[in-house]
Amino acid sequence: MKNQVSLCMIVKDEEEYLPKCLKSIKDIVDEIIVVDTGSTDKTVEIAQNYGAKIYYFKWNNNFSEARNESLKYATKDWIFILDADDELSLEGREAFKVLLDMELDEKAIYHFETLSYYGSVIENGNIAVNLNPRLFKNYRGIHYEGEVHNQLIRVDGDYNAVCNDVKIYHYGYLDKRIISKDKRNRNIPILNEQIKKDPNNKFAYFNLGNEYGAEDDTNKALECYYKAYENFTPNIGFGSLLILRIIVSNLILKKYDEALKFISIGNSNYPKCTDYYFYESIVWKEIDRPTLQIKALKKCIELGEPPSEFKFIFGTWSYRAYYELGKAYMKYKDYYTAYNYYVDALKSKPDYIEPLYDIADVLKAQNVSLEEMKRIMEEFFPEDKKVHYGTIADLFYHIGYYNIALEYIKEYEESVNVTENTIMLKSRCLIRTGDFKECTSINYNDKKSSNYVILSMYKVLSFVLLNRYEDALFIVNSFNAKNLSNYDKKYLGVYSELIKLVTQKSTSMLSEDENDKEYMNIILEVIEILLINNKFDELTVSVNLLNLVNTKYALLYLGKLYYKHGYVDLAKKEILRSIKEVDIYDAEGLDILKY
């Protein structure tokens, strides 16, 4: 290629992600510079296997100094920046090669799109978009400043060049990644110290707000954002994103007027940013103004894909807007329009499968025959249908057609593979179809799996419903709560108390936290399984599990559950109790009372 490139990286304990990163770039760059700040795993060994030049830097709580250390070892004409949890996309590799064969301008700072996955798993499709400086000329004094979120300090006369086609995936905001790197506890003290030294540092306040926001401390986050907003000028690099963060924070705090105020400010200063209209639609949805919600979503689609510098939440101009339009029309039982918008969402992003679940809801609401429903669902997977039978099984599980789901699971396991997901889904279906004996016979011995406790508890409930209480108790007693996650401890606790109830033993309080919804949701699942199987004697006993949690939402959600399964009078009774006894209700609950 015409231009030679040094890849410069700083790393520490990156053995999980580093191979994927280096594999994506190794055949494009001319040298790999890796500065290690104290790894204790196989990071250095992995980097050496990819031909990297290794240097060491004692960590001093300053990312910019570490980053600048990597720059000083670069010997090629251009510097390319990646983090260890980045990956150059497949399409991005080809686009990057094309770029490097062009006549590059040494005064240009080349910005590429970073697509950051966030949430629990990549498959959920939650992606935030950032435009980051990635490629710049060496030997020109360009360097980084800022202890945490380092900023590239350019030379006078330099300018930003945006290359939309070079896309980089970033995995650093996935939940498990944040926990493993302990990012929040690491970054907050550094940023506070930075502000102490420079109280007028707006960017530090902005980043501190992001850290508090990630910890769900929205009030503190908003305080920081407002400090960053003081004497606001729209041309600051993070201005459009700052406005968005203020909008989102106010929305979380249900300060709708304030959110709308900043949406107006955002639209005035950055009219091409679709995210503002998307969050405007959420405000209207929250306060039940469907006409305005739909108008805002259609504006997102009308604007289309924004310039990279105004692109933050991926898909607000396409599949996300289409999907929310489908939900809006579904609420008012306009099934035809809802269906078409769900299909538009799928066309915009074929790997975004969430609309398929809503399409299943539409088909069920329209009383489409099972054979026709099967045909429609399978047509969404035109190639290698059987490979997708696991997903189709989950779609039928979602709408309560458990026997059909089991048919697809069987075909999938026979023709494709037996996976943890299919075992889990099979267990959920079996217990809901009343095949308790078969549910107890499922063998799954991976005790490290996140599903192991839940699968075991389904066996416990199956044994209870078979009146085999000793077998149920044996499974419960086989667990040591000290070795379980907090959520699994709650699962185990609920089923332990269930056995005590059905065997008429003394029970213990599970939780005094009135805001704890996890216990409540586990209990409601038990109740739902009993409702589905018409196990009313056991249901009468099991409802008492709700007395073991102090949550104020129990009656409301129990009422919704009764309504979902057609027990309207019982639903009304519980929702009225919720209103009278704990003053808890919502729009859905009030709608149920109208029936």
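All values reported here derive from a predicted model rather than from experimental measurement.

## Thoughts on the overall build of the chain
Assigned secondary structure in the chain consists of 28 helices and 10 strands. Against the globule reference of 25 Å for 595 residues, the chain gives a C-alpha radius of gyration of 27 Å, in line with a compact fold. With the C-alpha coordinates of the chain rotated into their principal frame, the extents come out at 80 × 55 × 50 Å. Counting all 595 residues of the chain, 52% fall into the buried class. The long-range fraction of contacts in the chain, counting pairs at least 24 apart against all pairs at least 6 apart in sequence, stands at 64%. Carbon and sulfur atoms make up 47% of the accessible area of the chain, which totals about 29,000 Å².

## Some thoughts on the UniProt feature "repeat: TPR" (unreviewed entry) in the chain
Under the UniProt annotation, "repeat: TPR" (unreviewed entry) lies at residues 202–235 and 319–352. Secondary structure over residues 202–235 splits into 74% helix and 0% strand, and the C-alpha atoms at its two ends are 13 Å apart. Segment residues 319–352 splits into 79% helix and 0% strand. End C-alpha atoms: 8 Å apart.

## Quick notes on the packing of aromatic side chains
On inspection of all chains with the given rule, the structure shows 36 aromatic pairs. Considering the side-chain rings of tyrosine 452 and phenylalanine 479, the 5.8 Å spacing of their centres and the 55° angle between planes classify their relative orientation as tilted. In this pair, tyrosine 452 is assigned in helix H21 (residues 452–465) and phenylalanine 479 in the loop between helix H22 (469–477) and helix H23 (486–502), connecting sequence segments 27 residues apart. Ring-pair connections join several aromatic residues into one group, and the members of that group are Phe314, Trp317, Tyr319, Tyr323, Tyr342 and Tyr352. When the ring centre of tyrosine 171 is taken as origin, the NZ or CZ atom of lysine 20, which lies over that ring, is 4.6 Å away.

## Brief notes about the UniProt feature "domain: Glycosyltransferase 2-like" (unreviewed entry) in the chain
UniProt tags residues 6–89 as "domain: Glycosyltransferase 2-like" (unreviewed entry). Here residues 6–89 runs as 29% helix and 27% strand, with 19 Å between its end C-alpha atoms.

## A word on the nonpolar core
Counting residues in each nonpolar core, the largest one holds 114 residues, and the members touching the most others are Phe396, Met457, Tyr458, Tyr495 and Ile527. The element that contributes the greatest number of residues to this core is H21, accounting for 11 residues. Residues contacting tyrosine 458, with those up to four places away along its chain left out, are Met424, Ser427, Arg428, Ile431, Arg432, Cys439, Tyr491, Tyr495, Glu525 and Ile529. Formed by 39 residues, the second largest nonpolar core is a distinct cluster that contains Leu208, Ile246, Val283 and Phe310.

## Let's talk about the packing of helix H18 (residues 402–415) against helix H19 (residues 420–432)
Relative orientation and spacing of two packed helices are given, respectively, by the angle between their axes and the distance between those axes. Packing of H18 against H19 brings their axes to within 9 Å, and their N-to-C directions diverge by 150°. In this view, H18 runs roughly antiparallel relative to H19, as classed from their interaxial angle. Considering only the axes of H18 and H19, their crossing is left-handed. Where H18 approaches H19, its residues Tyr402, Ala405, Leu406, Ile409, Tyr412 and Glu413 are matched on the opposing element by Thr422, Ile423, Leu425, Lys426, Cys429, Leu430 and Arg432. Across the contact of H18 with H19, the residue classes break down as 9 nonpolar, 1 polar and 3 charged.

## Some details on the pairing of strand S6 (residues 108–119)
A regular strand carries its side chains on alternate faces of the sheet. Of all the 12 residues making up S6, 11 are buried; the element is thus mostly covered by neighbouring parts of the structure. The sheet contact formed by S6 and strand S10 (residues 159–174) spans 11 bridges and is parallel. The partner of tyrosine 110 across the bridge, within S10, is alanine 161. Sheet topology places S6 next to strand S7 (residues 127–137); 8 bridges connect them, and they run antiparallel. In the sheet register, histidine 111 faces S7, and the bridge partner there is proline 133.

## Brief notes about the sheet that holds strand S2 (residues 31–36)
Reading across from one edge, S3-S2-S1-S4-S7-S6-S10-S5 is the order of the 8 strands in this open sheet, with mixed pairing throughout. With partners counted over all chains shown, the strands left at the sheet margins are strand S3 (53–56) and strand S5 (86–88), one partner each. Adjacent strand axes in the sheet meet at a mean angle of 30° when their direction is disregarded. Sheet strands in contact with helix H3 (residues 63–71) are strand S1 (5–11), S2, strand S4 (78–81) and S7, and its direction is about 145° off that of S1.

## Details of the environment of tyrosine 557
Following the sequence through the fold, tyrosine 557 ends up in helix H26 (residues 554–564). Each C-alpha atom of the pair tyrosine 557 and leucine 406 lies 28 Å from the other, and the pair is 151 residues apart in sequence. If near-sequence neighbours (up to four positions away) are discounted, tyrosine 557 is found in contact with Lys517, Met520 and Leu524.

How each quantity is defined
- Residues numbered from 1 in each chain as written.
- Predicted model: local features only at pLDDT ≥ 70, side-chain atom pairs only at ≥ 80, totals over all residues.
- Heavy atoms only, no water.
- Helix = DSSP H or I, 4+ residues; strand = E, 2+ residues; numbered from the N terminus.
- Rg over C-alpha atoms; globule rule 2.2 N^0.38 Å.
- Buried < 20%, exposed > 50% of the residue type's maximum accessible area, 1.4 Å probe, protein only.
- Contact = heavy atoms within 4.5 Å.
- Areas by Shrake-Rupley, 256 points an atom, 1.4 Å probe, with all protein chains shown as cover.
- UniProt positions renumbered as here; feature names shortened; annotations may be inferred.
- Phe/Tyr/Trp six-rings, centres within 6.5 Å; stacked < 30°, edge-to-face > 60°.
- Lys NZ or Arg CZ within 6 Å of the ring centre and 35° of its normal.
- Core = buried A, V, L, I, M, F, W, Y, C linked by side-chain atoms within 4.5 Å.
- Axes fitted to C-alpha atoms, helices over the stretch in contact; angles between N-to-C directions.
- Parallel < 35°, antiparallel > 145°, perpendicular 65-115°, else oblique.
- Left-handed = near helix turned anticlockwise from the far one by under 90°.
- Nonpolar A, V, L, I, M, F, W, Y, C, P; charged D, E, K, R; others polar.
- Pairing = 2+ DSSP bridges.

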